[in-house]
Each structure stands twice: as C-alpha cells, then as structure tokens.
Amino acid sequence: VWNVTCDGASGNVQCFKKLGCNFDINSLNTKFTIQNSLEAYATFDACHMLKLARSSLANKRLYQSDNGDIKWSYIYLLNTFQNDLGLKFANKLTVQHINHRNSVMKVKLAAQTLSSGVADAIDYLCQKYESSFQKSKETVYFIRQIDYLFDILNTRIPFSNKSPIHPGNINSIKSVFSDTTNYLRTLKFNGILWILSGRKMFLIGFIVTMTSTLEIAYKLLGRAQSPLKCILTYKMSQDHLELFFGCIRSRGRSNNNPNWNLKIVSLAVSNMIQELEKSFQAVVVINKKVKQNIVMLAKTNILNKSTLFFSINSHPVNVDIGSSSHKYNLFTELSQSFVNIGMRHYTKEINSKQITSSLVYSISAITRGWRHGRLPRAQ
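Because the structure is predicted, anything quoted here is derived from the model rather than measured.

Secondary structure assignment for the protein yields 14 helices and seven strands. The burial tally for the protein puts 44% of its 379 residues in the buried class. Contacts in the protein between residues at least 24 apart in sequence constitute 64% of all its contacts with a sequence separation of at least 6. As displayed, the protein has an accessible area near 20500 Å², and 53% of this comes from carbon and sulfur atoms.

Spelled out as structure tokens, the structure:
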C-alpha cells in the first residue's frame, strides 16, 4: 500500500491528521505510519479537487494573484461570445458548463471549463483587442496551471501526449509542482490568502497530492529491485471505486450511498434470476407444464443451496423464501414478474435475449424499493 486516496470531506481530512499527517503548508507532512511498520501517503482525488476549483471560482467570482485578477466572468463572456458568433474556438464550453450546479458532480464539465481550449480562446480574444477580454491574462494563466496539473495527476496510458511520470521527466515535473505550489499559495480573496479562507480545500488537496505523488514516484522509479518504468497517476484516483459502485447501481440498485448489504442483495437478485431462467427452460420449454411449476422448481433449487444466495444472520438478505408469511418478499416479487414476462414472450416465440432485456426494467422497478439494502416487511 503506497497511498490512501479520498475526497475533500472534512472527516477525511481529520482522519489523515489523526494518523499523523500535517496539512499546514509551512510544515507539510503527507506521510503516515500504521503499526510502526507500514508507511503510506495521503492523496486527494484529482477529479474532486478539479470540481472544487471550478466551483470555488464560480461561486466567489473573483480572486487575486500577485499579477492581476482571476475572474469567472471571462469564462461566462466567452460562452456568450461564442453563442452570438455561432461557432466555438476549439473548446466545448456550453451553457451547461456555466450553469453547472445541476451537474456539479460531473468531472467532464469541470475539466472542459478549466481547460487549455478555454484558456486559448480567452487569450486569443484578448490579443484581438476584444474589449470584454482585456486584462484576462491572469485568468488564462490560472486555467492553464490547473489544466496542466490535472493532466499530470490523471495520466492513464504510458504513450500519449499527456506523458506519465518517468525517470526522464520526473525532475521537470518536480519543478512544475514546485512552481504550481508557490503560485497557489499566493492566491487571495478580498485581500486574504485563499489558502486561509473557507474554500481552501482544493488548494490543500492539490498541494498534498503533488507532494505525495512526487515522493511515491521517486521511490517506485528509483528502487533497487523491480523499479517501475512509469507512474500512471490515474491508478491513484477514486475512479475505480466509483465505477464499481456504478456497476452495482446499474443492477437496479438506485442508491447514492451503496453499502455491503446492497452488494449482497444485488448478488442475490442476480443468482435468483439465473435459477428462474433455468427453471423456465426446464418447465415451460421442455415439459410444457403450467407456469406455477417454474416458481416451485426455482425455489427448491435456491433452498437447496441457500448459502450461495444469502449471508447467515445478515438481515435483510437472509429472507426465508420457503415461508408463506413472506408474501411480498424479494423472491416472490422477482419470480412473479419473471414468469409473467417470460410466458408472454414465450407465447410470442421471442428468443431469450429479448426476454432478458425486458426483465431489466421490471427488476429495476422491483429492486429500486429496497434502498440501503432494506426489504419490505413481512406480512
């Protein structure tokens, strides 16, 4: 374990401090030790920090640096100018990027807002003496600094124009990190250092992540045994965990805060459907029996190997599907919908792929009610 990545929630920051980290810029320490043996580094997810940077600038509208003002209005005016002109200056800026509050969690919008394309467009209009974009050089510089920093902290493949950290460029990246850190520390809001304000999290997050990433890179690239050829910083992001949660939600679990019960219930639903499909083929397709036998056969198969479906003593997953008192339990709901849809499609001689696609909507509607892993009460 080389690092622990999290977003900018205050609880996460306090946890790192309890572990021994110090996020005071003048005495920064991003390394902590567990049980006096395991050393790890604190990092903050670059995508979350980018969204915080965009939101901070959009909400406060104006920040100051040593060389001028950083204004959100230039981004707003660029979108208006492009709409009036009817074309875009090689960027993806739209009204959705300006009014981002309804899509505040979308990283794509933040990355496209604080991008080199937007910076180049504003700089071009400034050089063409457009009156609305004069004195925008410091805003352009800020956007380019954030964009370049995000590119370094989000490299995915070894061979691209966004090169990962490797022995040939690590010293230049160290220089970039140092210059960016010094620049971020000088930003101000209403004459007060931004890093001392209430919206400082993205500054702290980027500085801590730069420090930790550089130290990890030096160790992994320079170790004596099996040194790495490059560091793909995307592997240190939270994206992998969020993609996993997205897979769970795609199984019909509409829940923004997934937990372990949700995973178990989703697995139980998946396994139940497999047994129902087997029973459907055995009873209807082969024997041409009545549809009630489908449910009975699937129930028997599930009860015979219930350990594959339910965790022992783990409410609400260990539902006794053999009990008549659970009239509205998960299995009853699933089996009823499955049989009804399956029989309807079977009579129309539609193949099993179409049956499965139709079941997705029914299963999603059924399982959506079990938020946070809770099943309906037995009646």
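A separate point is the sheet that holds strand 1 (residues 3-6). Spatially, the three strands line up as an open sheet ordered 1-3-2, and their pairing is mixed. Looking at the sheet topology across the chains shown, the edges are occupied by strand 1 and strand 2 (31-34). Strand-to-strand twist in this sheet, taken as the mean axis angle between neighbours without regard to direction, amounts to 35 degrees. In this fold helix 9 (residues 201-222) packs onto strand 1 and strand 3 (38-44), with an angle of close to 140 degrees to the strand it touches most, strand 3.

A few words on helix 3 (residues 73-85). For helix 3, spanning 13 residues, the distance from its first C-alpha to its last is 18 Å, which sits close to the expected 18 Å at 1.5 Å a residue. Looking only at helix 3, the buried set comprises Y74, I75, L78, N79 and Q82. Taken around the axis of helix 3, the buried residues stretch over an arc of 140 degrees, which confines them to a single face. Residues of helix 3 that are buried in the fold lie against helix 2 (46-60), strand 5 (68-71), helix 4 (95-98), helix 5 (107-113), helix 6 (116-127) and helix 7 (137-152).

Bringing the pattern of salt bridges into the picture now. Counting across every chain of the model gives four salt bridges. For D120, the salt bridge is made with R144, and the minimal N-O distance between the two is 2.6 Å. Taken together, the positions of D120 in helix 6 and R144 in helix 7 put the pair 24 residues apart, joining distant regions of the chain. Take R144: its relative accessible area is 33%, and that puts it in the partly exposed class.

Following the sequence through the fold, T30 ends up in the loop between helix 1 (10-19) and strand 2. Of the polar contacts made by the side chain of T30, one reaches the side chain of S212; its length is 2.9 Å. Residues contacting T30, with those up to four places away along its chain left out, are C21, A40, Y41, A42, V208, T211 and S212.

So, about a nonpolar patch on the surface. On the surface, V1, V4, I34 and L38 cluster together into a nonpolar patch covering about 320 Å² of accessible area. Looking at where V4 falls in the secondary structure, it is placed in strand 1. The class for V4 is partly exposed, based on a relative accessible area of 34%.

Looking now at the packing of aromatic side chains. The full count for this structure, using the stated rule, is 13 aromatic pairs. Centroid distance F16 to F32: 6.1 Å. Interplanar angle 40 degrees. Geometry classified as tilted. Of this pair, F16 sits in helix 1 while F32 sits in strand 2, and the two are 16 residues apart along the sequence. Take F16 and F32: they sit in the same class, and that class is buried. Centre to centre, the rings of F89 and Y124 are 5.7 Å apart; their planes meet at 45 degrees, and the pair counts as tilted. Taken together, the residues span a long stretch of sequence, with F89 in the loop between helix 3 and helix 4 and Y124 in helix 6 at a distance of 35 residues. Ring-pair connections join several aromatic residues into one group, and the members of that group are Y63, F142, F189, W194, F202 and F206.

Two strands pair when backbone bridges link them, and strand 4 (residues 62-65) and strand 5 are joined in this way by four bridges, in the antiparallel orientation. Residue pairing for strand 5: Q64 is matched across the bridge by D69. Adjacent in sequence and paired antiparallel, strand 4 and strand 5 are bridged by two residues.

Here the focus is the state of the cysteines. Considering all chains together, one arrives at zero disulfides under this definition. Residue C6 stays outside any disulfide, its sulfur separated by 7.8 Å from that of C15, the closest cysteine. Its relative accessible area of 8% is what places C6 among the buried residues.

Here the focus is the side chain of D147. Within the secondary structure layout, D147 lies in helix 7. With relative accessibility at 13%, the residue D147 sits in the buried group. With sequence-adjacent residues up to four places away left out, D147 is seen in contact with L114, S115 and S116.

Turning next to the confidence of the model for the protein. Overall, the predicted model of the protein reaches an average pLDDT of 77, with 65% of residues at or above 70. Every residue in residues 285-290 scores below 50 in pLDDT, and together they form eight contacts with partners more than four places removed in sequence or on other chains. For the stretch residues 370-379, pLDDT sits under 50, and the model shows 26 contacts to residues farther than four places along the chain or on other chains.

Rules and cut-offs
- Residues numbered from 1 in each chain as written.
- Predicted model: local features only at pLDDT ≥ 70, side-chain atom pairs only at ≥ 80, totals over all residues.
- Heavy atoms only, no water.
- Helix = DSSP H or I, 4+ residues; strand = E, 2+ residues; numbered from the N terminus.
- Buried < 20%, exposed > 50% of the residue type's maximum accessible area, 1.4 Å probe, protein only.
- Contact = heavy atoms within 4.5 Å.
- Areas by Shrake-Rupley, 256 points an atom, 1.4 Å probe, with all protein chains shown as cover.
- Pairing = 2+ DSSP bridges.
- Axes fitted to C-alpha atoms, helices over the stretch in contact; angles between N-to-C directions.
- Expected span 1.5 Å × (residues − 1).
- Arc of directions from axis to C-beta.
- Salt bridge = Lys/Arg side-chain N within 4 Å of Asp/Glu carboxyl O.
- Polar contact = N/O pair within 3.5 Å; in protein donor to acceptor, adjacent residues only side chain to side chain.
- Patch = residues over 30% accessible without salt bridge, like charges linked within 9 Å, V, L, I, M, F, W, Y side chains within 5 Å.
- Phe/Tyr/Trp six-rings, centres within 6.5 Å; stacked < 30°, edge-to-face > 60°.
- Disulfide = S-S within 2.5 Å.
- pLDDT = per-residue confidence, 0-100.

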